[in-house]
Amino acid sequence: MKLLRNLLFVNLTLIVIAGCTHKTPYTNRSQMIFVSQKEELALGEESYKQTLSESKVIVGTKDANRIKNIGSKIAKVANRNDFNWEFNLVQNDEMNAFCLPGGKVVVYTGILKAAHNDDQLATVISHEIAHALARHGAERMSASMVQQGLQVVGNLAIGAAAPQYQNLFNQTYGIGSQVGVMLPYGRIQETEADEIGIYLMYKAGYNVNEALKFWENMSEGKKEGSDFFSTHPSSTNRINDIQKVIVKLPKS
Ligand SMILES: [Zn+2]
């Protein structure tokens, strides 16, 4: 029994060490991630199919084409050839958007109330893509796994995309029947997604100053009650932080 416990401990320690070796792109922050990239992509594909099957996807309209056009420009500079990018506009009045692992971007029509031009739309798409590039979902899933204890570590050793992963994934991303209980992104992840998002916007040739206006519009939307802020905590410092990122950009 003692041996088993020691083995489990060694196992967990190794996984924790291995988990810590991840780094975020651009910001170079160390992350604790126990989900492999491959598993994450498989989970993302599955949940994406589920999301679209439950949604009214808008196709062929001017706005739907704008989403695809802006998204493609940002994807091009994101440099992830392993991603199978897709950009969809979904009929939903909530001011929300997300990007699942593998580059599956969903924008709700509600966000068009706050994104008044292409640069502002690029702001929210870049922000969501940044969450995916930095694997923030996998990081949150990993944190939940630790909270749920060693059993998950045992499942992880199997290494397959098991149903319990899918459930945890859906819960983390607020997909399916669990909608509304998505774990909020932490302050660090939000600030990081803002920063990486600005770099992406800049590289794709968008006006980064419009990001400030977009977040101002969003906080006005918040007064009316926006679901975006249940998953994306608002911060009075957000605009100041983005300004600090912008001033450091090379002047063109
Ligand atoms: Zn966010």
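Residues numbered from 1 in each chain as written. Predicted model: local features only at pLDDT ≥ 70, side-chain atom pairs only at ≥ 80, totals over all residues.

Examining the overall build of the protein
- Across its full length, the protein carries 11 helices and 6 strands.
- Among the 252 residues that make up the protein, the fraction classed as buried is 38%.
- Partitioning the intrachain contacts of the protein with sequence separation of at least 6 by distance along the chain shows that 70% fall at a separation of at least 24. (Helix = DSSP H or I, 4+ residues; strand = E, 2+ residues; numbered from the N terminus. Buried ≥ 20, exposed ≤ 12 C-beta atoms within 10 Å, placed from the backbone. Contact = placed C-beta atoms within 7 Å.)

A closer look at the environment of Asp 241
- Among the structural elements, Asp 241 can be located in helix α11 (residues 238-247).
- As a C-alpha pair, Asp 241 and Glu 192 span 49 residues in sequence and 10.0 Å in three-dimensional space.

A short note on the nonpolar core
- Formed by 42 residues in total, the largest nonpolar core has its most connected members in Ile 74, Val 107, Ile 111, Ile 125 and Ile 129.
- Looking at this core element by element, the count peaks at 8 residues for helix α4 (residues 118-133).
- For Ile 125, the contacting residues outside a window of four places in its chain are Ile 70, Gly 71, Ile 74, Val 105 and Val 107. (Core = buried A, V, L, I, M, F, W, Y, C linked by C-beta atoms within 7 Å.)

Observations concerning the sheet that holds strand β6 (residues 104-108)
- Overall, mixed pairing links the 4 strands, which are arranged β3-β4-β6-β5 in an open sheet. A strand with exactly one partner marks an edge of an open sheet, and here the two such strands are β3 (57-58) and β5 (97-100).
- Sheet topology places β5 next to β6; 4 bridges connect them, and they run antiparallel. In the sheet register, Phe 98 faces β6, and the bridge partner there is Val 106. (Pairing = 2+ DSSP bridges.)

A short note on helix α3 (residues 62-78)
- Between its terminal C-alpha atoms α3 stretches 24 Å, which fits the 24 Å expected from 17 residues at 1.5 Å a residue.
- For α3, the complete set of buried residues consists of Ile 67, Ile 70, Gly 71, Lys 73, Ile 74, Ala 75 and Ala 78.
- Two residues or fewer past α3, Asn 79 is found with a positive phi of approximately 60°. (Expected span 1.5 Å × (residues − 1).)

What about unusual backbone geometry?
- Located in the positive-phi region is Tyr 26, a residue other than glycine, with phi close to 70°.
- Structurally, the position occupied by Tyr 26 is in the loop between β1 (22-23) and β2 (30-31).
- Under the C-beta neighbour-count criterion, Tyr 26 is labelled partly exposed, with 16 such atoms within 10 Å.
- Of note in this structure, Asn 28 is not a glycine but carries a positive phi near 60°.
- Of note, Asn 28 is situated in the loop between β1 and β2.

Quick word on the environment of Arg 187
- With respect to the helices and strands, the residue Arg 187 is situated in helix α8 (residues 187-203).
- Between the C-alpha atom of Arg 187 and that of Arg 238, which follows or precedes it by 51 residues, the distance is 9.7 Å.

With respect to the confidence of the model for the protein
- Confidence in the prediction of the protein, expressed as mean pLDDT, is 80, and 73% of residues score 70 or more.
- For the protein, helix α6 (residues 150-158) is the element with the lowest average pLDDT, namely 45, and α3 is the one with the highest, namely 98.
- Note that residues 7-19 has pLDDT below 50 and, in this model, 11 contacts with residues that lie over four places away or in other chains.
- Across residues 177-182 the pLDDT falls below 50, and counting only partners more than four positions away or on other chains, this stretch makes 10 contacts in the model. (pLDDT = per-residue confidence, 0-100.)

Re the pairing of strand β4 (residues 86-90)
- When you tally the buried positions in β4, you get 4 out of 5 residues, the bulk of the element.
- As defined by bridge partners, β3 adjoins β4 across 2 bridges and the pair is classed as antiparallel. Among the inter-strand pairings, Val 57 is bridged to a residue of β4, identified as Val 90.
- Taken together, the 5 bridges between β4 and β6 define a ladder with parallel strand orientation. Note that in β6 the partner of Glu 86 across the bridge is Lys 104.

Details of the packing of α4 against α8
- Axis separation between α4 and α8 bottoms out at 7 Å; the angle between their running directions is 120°. Looking at the two axes, α4 sits oblique to α8. The handedness of the crossing between α4 and α8 comes out as right-handed. Residues Ala 122, Thr 123, Ser 126, His 127, Ile 129, Ala 130, His 131 and Leu 133 of α4 touch α8, and the partners they reach there are Gln 189, Ala 193, Asp 194, Ile 196, Gly 197, Leu 200 and Met 201.
- Among the residues making up the contact of α4 with α8, the classes are represented as 8 nonpolar, 6 polar and 1 charged. (Axes fitted to C-alpha atoms, helices over the stretch in contact; angles between N-to-C directions. Parallel < 35°, antiparallel > 145°, perpendicular 65-115°, else oblique. Left-handed = near helix turned anticlockwise from the far one by under 90°. Nonpolar A, V, L, I, M, F, W, Y, C, P; charged D, E, K, R; others polar.)

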